[in-house]
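Observations on the model geometry
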Amino acid sequence: CMPGIPYPQLFQRFNEERDEMVALIRDEVDLSPEAESAATQYLEEFFAILNDPVRAQEEIIGGCRPWL
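Residues numbered from 1 in each chain as written. Predicted model: local features only at pLDDT ≥ 70, side-chain atom pairs only at ≥ 80, totals over all residues. Heavy atoms only, no water.

1. A few points about the environment of Arg18
Structurally, Arg18 can be placed in helix 2 (residues 18-27). Look at Arg18 and you get partly exposed, because its relative accessible area is 25%. For the pair Arg18 and Asp52, spaced 34 residues apart in sequence, the C-alpha to C-alpha distance is 15 Å. (Helix = DSSP H or I, 4+ residues; strand = E, 2+ residues; numbered from the N terminus. Buried < 20%, exposed > 50% of the residue type's maximum accessible area, 1.4 Å probe, protein only.)

2. As for the environment of Asn51
On the secondary structure map, Asn51 appears in the loop between helix 3 (33-50) and helix 4 (53-61). As for Asn51 and Pro8, which are separated by 43 residues in sequence, their C-alpha atoms are 10.0 Å apart. Excluding residues that lie within four positions of it along the chain, Asn51 makes contacts with Asn15 and Arg18. Within the structure, Asn51 has its side chain in polar contact with the side chain of Asn15 (distance 2.8 Å). (Contact = heavy atoms within 4.5 Å. Polar contact = N/O pair within 3.5 Å; in protein donor to acceptor, adjacent residues only side chain to side chain.)

3. Some thoughts on the nonpolar core
Core analysis: the largest hydrophobic core is formed by nine residues, namely Tyr7, Phe11, Ile25, Leu43, Phe47, Ile49, Leu50, Ala56 and Ile60. Listing elements by their share of this core, those giving two or more residues are helix 1 (7-16), helix 3 and helix 4. Per element, the largest residue contribution to this core is four residues, and it comes from helix 3. Those residues in contact with Leu43 that sit more than four places away from it in its chain are Met21, Val22 and Ile25. (Core = buried A, V, L, I, M, F, W, Y, C linked by side-chain atoms within 4.5 Å.)

4. Here we look at the packing of aromatic side chains
With the rule as written, the count across this model stands at three aromatic pairs. Each ring, one from Phe46 and one from Phe47, has its centre 5.2 Å from the other, and the planes form 70°; the classification is edge-to-face. An aromatic cluster is built from Phe14, Phe46 and Phe47, whose rings are joined through pairwise contacts. (Phe/Tyr/Trp six-rings, centres within 6.5 Å; stacked < 30°, edge-to-face > 60°.)

Spelled out as structure tokens, the structure:
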């Protein structure tokens, strides 16, 4: 939430790493099936927000608190 963050580029970077992020959850041997499902759903919701311009503006960009 620092001034000058290039959000479009940041969001693109997250999208480029999406498969690897999902794989980290899938490949974690110590997660129960329930925990794996919950973590995957959480990540998918993050990407749903990230890739919806209205939600991204409201929930990510507009949700930032200014640095004190």
